[in-house]
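# Survey of secondary and tertiary structure
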Amino acid sequence: MKANKSRVFHKSNDISESTIRESMPEVLKMLLVDRTRSTAKRVKNIIWANDNYIRFGNEAYAPTAQILPELVTGTMDSVIMPRALKPRKLQKKRTKAKAEVFTPTWMVRKQNNAVDQRYIDDDLEMYVNRIWLEITCGEAPYMVSRYDMETGATIPLADRVGFIDRKLRRINAAANDVSEWQRLVESAYKASYGFEWNGDSVLLARENLLYTYRDYFVAKWSVLPSQKQFQTIAEIISYNVFQMDGLKYIIPLSETVTKVSNTQLSLFDEVETDEKWTVRPGKRVKVMNWDTNKMEFFDKGMHNHERRQNQN
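Predicted, not measured: the structure shown is a model, and the values here were computed from it. (Residues numbered from 1 in each chain as written. Predicted model: local features only at pLDDT ≥ 70, side-chain atom pairs only at ≥ 80, totals over all residues. Heavy atoms only, no water.)

### Focus on the packing of aromatic side chains
Under the defined criterion, the tally for this structure stands at 15 aromatic pairs. Both rings, one in F56 and one in Y61, keep their centres 5.1 Å apart while their planes meet at 45°; by these two values the pair is tilted. On the accessibility criterion, F56 (33% relative accessible area) is partly exposed. Classification of Y61 by relative accessible area gives buried; the value is 4%. Ring centres of Y213 and F217 lie 5.9 Å apart, and the angle between their planes is 55°; on these two criteria the pair is classed as tilted. Remark: F217 and Y213 occur in helix α9 (residues 199-221); sequence separation between them is four residues, near one turn of the helix. (Phe/Tyr/Trp six-rings, centres within 6.5 Å; stacked < 30°, edge-to-face > 60°. Buried < 20%, exposed > 50% of the residue type's maximum accessible area, 1.4 Å probe, protein only. Helix = DSSP H or I, 4+ residues; strand = E, 2+ residues; numbered from the N terminus.)

Set out below in structure tokens:
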């Protein structure tokens, strides 16, 4: 499988979960964490959230099952792959089920350019700290564009069009002290958010952000980041790229709907059945507010607005 992938993807674009696990096991763990459902005592991971993997005949690949390191490494290293490598039949299935599509790089460039023009006069600090959000981010091309979403071809650093790419390019041009560079890059990542339904895409997006950090670090300093630096960025990514049902602002598949039937005899001894549905709300997604270093509900502002509307 890996050999086939390299025909389409440049070798550096084919991110191997096994390689991450072997060299940086804590980083892979971070890239799989679901920060909304995790606590200090118990860590929970993002879930598959689709039935594309049940063909492996194991409940561990069921839609509501957590994605664990051992399920995507070793002999299963090629389980998760970018959309460009997925069979056409599967691509169509995911498009139909969850409207998953790829956006051509030229379109990402055009749209990000239109937004970026508003901030062209920002000083570096302000530019780096501007908050951007990519909705239903898939593999996060609006955040980072390591490769062309259609062909998988490598995109040189100078031509990358993601909003994190733009921030890191300015940082690389302006910062000549490694500590200052790291501080600015961490701020850039903290100001960059994205959410996605499918767990495999969340992992791919997180990996793309991590390897983008590596790419710009190497371009600037001609060495690889340290384990500690990788872990710091991976932790930020695990908070800022999260799994969510974008219509309900909850963890996918966490809402439960139950049918309740109430059967009774009528006045004329006829059986009447009254069917009702009860809905147990799903788990509301939380995101990190880096200004306060506290987790807050993603839809906090919307709930406040609804309460004000009801009061009026």
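Moving on from the model shown.
### Some details on the nonpolar core
W48, I171, Y189, L209 and L210 are the most contacted members of the largest nonpolar core, which totals 65 residues. With ten residues, α9 is the single largest residue contributor to this core. If near-sequence neighbours (up to four positions away) are discounted, L210 is found in contact with V27, L31, F230, I233, A234 and I237. (Core = buried A, V, L, I, M, F, W, Y, C linked by side-chain atoms within 4.5 Å. Contact = heavy atoms within 4.5 Å.)

### Some points on the sheet that holds strand β3 (residues 241-243)
Here we have three strands laid out as an open sheet, ordered β1-β2-β3, and parallel in their pairing. Two strands lie at the open edges of the sheet, namely β1 (132-134) and β3, each paired on one side alone. When the angles between neighbouring strand axes are averaged without regard to direction, this sheet yields 20°. Where strand β2 (residues 192-196) lies against β3, three bridges are found, and the strand directions are parallel. By the bridge assignment for β3, G194 is matched with V241. (Pairing = 2+ DSSP bridges. Axes fitted to C-alpha atoms, helices over the stretch in contact; angles between N-to-C directions.)

### What to know about the environment of L209
With respect to the element layout, L209 can be found in helix α9. Residue classification places L209 among the buried residues on the basis of a relative accessible area of 1%. Taking the C-alpha atoms as reference points, L209 and R146, separated by 63 residues in sequence, lie 8.9 Å from one another. Once you skip the residues sitting within four places of it in the chain, L209 turns out to touch A140, M143, V144, I164, Y189, I237 and V241.

### Structural notes on the pairing of strand β7 (residues 294-297)
Note: strand β6 (residues 286-289) against β7, four bridges, orientation antiparallel. Counterpart to V287 in the pairing with β7 is E296. Hairpin geometry of β6 and β7 is characterised by an intervening segment of four residues between the two adjacent antiparallel strands and by a positive phi of about 55° at N293.

### Examining the pattern of salt bridges
Scanning the model with the defined rule gives twelve salt bridges in all. One salt bridge connects E125 with R183, and the closest N-O pair in it is separated by 3.0 Å. With a gap of 58 residues between them, E125 in helix α6 (residues 124-129) and R183 in helix α8 (residues 178-190) connect regions that are remote in the sequence. The partner of D215 in a salt bridge is R214, and the shortest N-O contact between them spans 2.9 Å. Here D215 matches R214 in class, with each residue buried. One salt-bridge network, in which partners are shared between bridges, spans R146, R160, R214 and D215. (Salt bridge = Lys/Arg side-chain N within 4 Å of Asp/Glu carboxyl O.)

### Points about helix α5 (residues 105-116)
Taking 1.5 Å per residue, twelve residues should reach 16 Å; α5 reaches 16 Å between its end C-alpha atoms and fits that length. The secondary structure elements touched by the buried residues of α5 are α6, β1 and α7 (163-174). (Expected span 1.5 Å × (residues − 1).)

Everything listed here is a matter of coordinates, which is why it stays silent on function.
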